[in-house]
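# Architecture at a glance
Listed below are the residues making up each chain.
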Amino acid sequence: MSEQPSSASGVTVSPARRRAVVDALRRGAVPDSGLDLLATGLYRFEAAVDGELDAVAAGGAAFKAVRGEYGSGKTFFARWLGERAKRRGFAVAEVQVSETETPLHRLETVYRRATERLATASFQPSALRPIVDAWFYALEEDALAAGTDDSRLEQAVAQLLNDRLSEVSRGAPGFAAALRGYHAALGADDEATAAAVLAWLGGEPHVAAAAKRAAGVRGDLDHFGALGFLRGLLAVLRDSGHPGLLLVLDEVETLQRVRSDARDKAFNALRQLIDEVHSGRFPGLYLVITGTPAFYDGPQGVQRLAPLAQRLATDFSTDPRFDNPRAVQLRLSGFRLETLTELGRKIRDLYATGSTDPDRVRSVADDAYVADLAHAVGGALGGKVGVAPRLYLKKLVGDVLDRVDQFPDFDPRADYRLTVDRTELTDAERHAATLPVAPAASADEVELDL
């Protein structure tokens, strides 16, 4: 596939990569890849996070907390970091913390979601099976390299499995047993059992009893076993060519809205996980959490558990320009009008590289218009530019650039007026918006502040 240079930055961007980014922005979504093409203002974090990734790849472990208001780019930052990790060979898993689907006080659900969302540079979620298969291939190659003949290969692989997972097996014997069962099922051409055992290894609770008996495992994964399974996963990743795992726990501020007993258990689980990372029990793990300032500083957040608050304490009383990117917390300041405009120019130029008439796209949607649209979207959201990027890029791509590209006589200054409907806004955007409230259709729709 041919590649096209971006005139804005000089980097080469394949048509498929450009299309994926533009399509996601048109939907109002954060792209899954190509985030380096959009990154604005993140350069100040690059040296610190790259150094931490390198330390983790060398056998260390790291923890980072990211703070920012709604719309400040926390999810974008996490995925940008994920792309940098994948370029170093890491596996990446992004988990949305949720009271019902992924409660943090039940680490077995976090582990299960992590295996479901596991991705590498070569494989999209879930990459668990390709990783496990690559691990067994590596064991076979090591056995053959040691002089093992084909008749003794299975026994040699089994011995290597025991040796490589000996430390993990002391805390989570089921992990190694499931791997043996998976390998045996594949050797017997029993695909159904192999898939079921691998699902159990990934934390799936609904696995047929017959498959578990065949693998010599019992029961379901619990909160405490999840930590042992995570160590096992890290060992498998390392031996299959992946130096580490970037695990992102996104939107941990949702813990503020759960029942107080569940919240306190979740905070204690988070403290335990951070301590385990810092103790060196998870070599190859880079753990990242994202949350709002209220989560870190408010009475319903981590301040409820003094040991956790102590571990996350970071001084943000100084000018944001002097924030320490090596600190345990990173502060995302959100977008200003200038940085939002800069981002708009990047997207305009990226879009133009795939247009049939790049010069027309750049001239009709020139720098002045890109800035005017950024100002207008920020105004529609109550002047809160920090929560405007998603909506701004959606409007720029879907309402303006697409029309400039398709209609030779379209002029956004004359033929387009920004409209924002509440139904297309996120909760944070809706809260910021200064749009008039639609009249109620009935008395039941009238909200009373009692």
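Here, the structure is the one placed above.
Along every chain, residues carry numbers that run from 1 in the direction the sequence is written. Residues qualify for local features only when their pLDDT is at least 70, as the model is predicted, and side-chain atom pairs are given and counted only at 80 or more; totals for whole chains, interfaces and linings, by contrast, use all residues. For side-chain calculations, the full set of non-hydrogen atoms in the structure is used, while hydrogens and water are omitted.

### Description of the overall build of the protein
Here is the rule we go by: Only DSSP runs of H or I reaching four residues or more are called helices, and only runs of E reaching two or more are called strands; each is numbered from the N terminus. Restricting the calculation to C-alpha atoms gives the radius of gyration, and the globule rule supplies 2.2 Å times the number of residues raised to the power 0.38. Exposure classes here rest on a 1.4 Å probe applied to the protein chains alone. A residue is buried below 20% of its type maximum, exposed above 50%, and partly exposed in between. Every residue pair with non-hydrogen atoms within 4.5 Å of one another is taken to be in contact.
Assigned secondary structure in the protein consists of 20 helices and seven strands. Taking 2.2 N^0.38 as the reference for a compact globule, 450 residues should give roughly 22 Å; the C-alpha atoms of the protein span a radius of gyration of 25 Å, in line with that estimate. Principal axes of the C-alpha set define a box for the protein whose edges measure 75 × 60 × 50 Å. The buried share of the protein, reckoned over its 450 residues, is 50%. In the protein, 69% of the contacts between residues at least 6 apart in sequence involve partners at least 24 apart.

### Quick look at the nonpolar core
Side chains of a nonpolar character, in soluble globular proteins, are inclined to be buried together. The following threshold applies: Note on terminology: a nonpolar core comprises buried Ala, Val, Leu, Ile, Met, Phe, Trp, Tyr and Cys residues joined through side-chain atoms within 4.5 Å.
Counting 75 residues, the largest nonpolar core has Phe175, Leu179, Leu245 and Leu249 as the members making the most contacts within it. Top contributing element to this core by residue count: helix α11 (residues 223-239), with nine residues. Beyond its immediate sequence surroundings of up to four residues, Leu179 is in contact with Val132, Trp135, Phe136, Leu161, Leu165, Leu201 and Val236.

### Observations regarding the environment of Leu273
Considering the arrangement of structural elements, one finds Leu273 in helix α12 (residues 260-278). Classification of Leu273 as buried rests on a relative accessible area of 5%.

### Brief notes about the sheet that holds strand β5 (residues 245-250)
Our working definition: When DSSP locates at least two bridges between a pair of strands, those strands are taken to pair. Lines fitted to C-alpha atoms define the axes, with helix axes restricted to the stretch in contact, and inter-axis angles between N-to-C directions lie between 0 and 180 degrees.
Strand order in the open sheet formed by five strands is β4-β5-β6-β3-β7, and the pairing between neighbours is parallel. Two strands bound the open sheet, and with one partner strand each, they are β4 (91-96) and β7 (329-331). With strand direction ignored, the average angle separating the axes of adjacent strands in the sheet is 20°. Two strands pair when backbone bridges link them, and β5 and strand β6 (residues 285-291) are joined in this way by five bridges, in the parallel orientation. Residue pairing across strands places Val248 opposite Val288, the latter belonging to β6. Across the face of the sheet, α11 comes into contact with β4, β5 and β6 while running at roughly 140° to β5.

### Thoughts on the packing of helix α6 (residues 153-164) against helix α8 (residues 173-187)
Relative orientation and spacing of two packed helices are given, respectively, by the angle between their axes and the distance between those axes. What counts, and what does not: The labels follow the angle: roughly parallel below 35 degrees, roughly antiparallel above 145, roughly perpendicular from 65 to 115, and oblique for the rest. Throughout, a crossing is termed right-handed when the near helix is turned clockwise from the far one, and left-handed when it is turned anticlockwise from it by less than a right angle. Gly falls in the polar group here, along with every residue not listed as nonpolar (Ala, Val, Leu, Ile, Met, Phe, Trp, Tyr, Cys, Pro) or charged (Asp, Glu, Lys, Arg).
Running from N to C, α6 and α8 cross one another at 160°; their axes reach a closest spacing of 10 Å. Between α6 and α8, the angle falls in the class roughly antiparallel. For the pair α6 and α8, the sense of crossing is right-handed. The residues of α8 that touch α6, namely those facing Glu154, Val157, Leu161 and Asn162, are Ala176, Leu179, Arg180 and His183. A class-by-class count of the residues in the contact of α6 with α8 yields four nonpolar, two polar and two charged.

### Regarding the pairing of β6
To keep it simple, the criterion reads: When the strands point away from the viewer and the path from the first strand over the helix to the second turns clockwise, the crossover is right-handed.
With seven of seven residues buried, β6 lies mostly within the body of the structure. Residues Leu285, Leu287, Ile289 and Gly291 line one face of β6 and the alternating positions Tyr286, Val288 and Thr290 line the opposite face, and both faces are buried. Bridge count for strand β3 (residues 62-67) against β6 is six bridges, and the pairing is parallel. From the neighbouring strand, Val66 faces β6, where its bridge partner is Thr290. Chirality of the crossover, the property in question, places the unit of β5, α12 and β6 among those that are right-handed.

### Focus on empty space enclosed by the protein
Quick note on the threshold: Buried and open spaces are told apart on a 1 Å grid over the protein atoms alone, a cavity being a set of points where a 1.4 Å probe fits but cannot get out and a pocket being an open set with protein on both sides within 12 Å along at least five of seven lines. Residues with an atom within 4 Å of a point are the lining residues. Grid points are joined across faces, edges and corners, and a volume is the space filled by probe spheres set on the points.
Scanning the entire structure with this criterion turns up one cavity of 30 Å³ or more. Space inside the largest cavity adds up to approximately 90 Å³. In terms of lining residues, the largest cavity is bounded by Leu107, Val110, Tyr111, Ala114, Ala226, Leu227, Leu230, Leu247 and Leu273. Those elements that provide at least two residues to the lining of the largest cavity are α4 (107-116) and α11. Per element, the largest residue contribution to the lining of the largest cavity is four residues, and it comes from α4.

### Notes on the layout of surface pockets
Computed from the structure, the second largest pocket encloses a volume of approximately 550 Å³. If you trace the second largest pocket, you find 22 residues lining it, with Asp32, Ser33, Glu83, Lys86 and Gln124 closest to the centre. Contributions of two or more residues to the lining of the second largest pocket are made by α3 (74-87) and β4. Taken together, the residues of the lining of the second largest pocket sort by class into seven nonpolar, six polar and nine charged.

### Some points on the packing of aromatic side chains
For clarity, the threshold we go by: Ring pairs shown here join Phe, Tyr and Trp side chains whose ring centres sit within 6.5 Å, with only the six-membered ring taken for Trp; geometry is labelled stacked below 30 degrees between planes, edge-to-face above 60, and tilted in between.
Counted by the stated rule, this structure contains nine aromatic pairs. Ring plane angle 50° and centroid distance 6.0 Å describe the contact between Phe267 and Phe295, whose orientation is recorded as tilted. Of this pair, Phe267 sits in helix α12 while Phe295 sits in helix α13 (residues 293-297); the two residues are 28 residues apart in sequence, bridging distant segments of the chain. Under the relative-accessibility criterion, Phe267 is labelled buried at 0%. On the accessibility criterion, Phe295 (0% relative accessible area) is buried. Relative to Tyr296, the ring of Phe295 lies with its centre 5.1 Å away and its plane at 75°, an arrangement referred to as edge-to-face. Aromatic ring contacts, followed pair by pair, group Tyr111, Phe175, Trp200 and Phe229 into a single cluster.

Read these as geometric descriptors, not functional statements.
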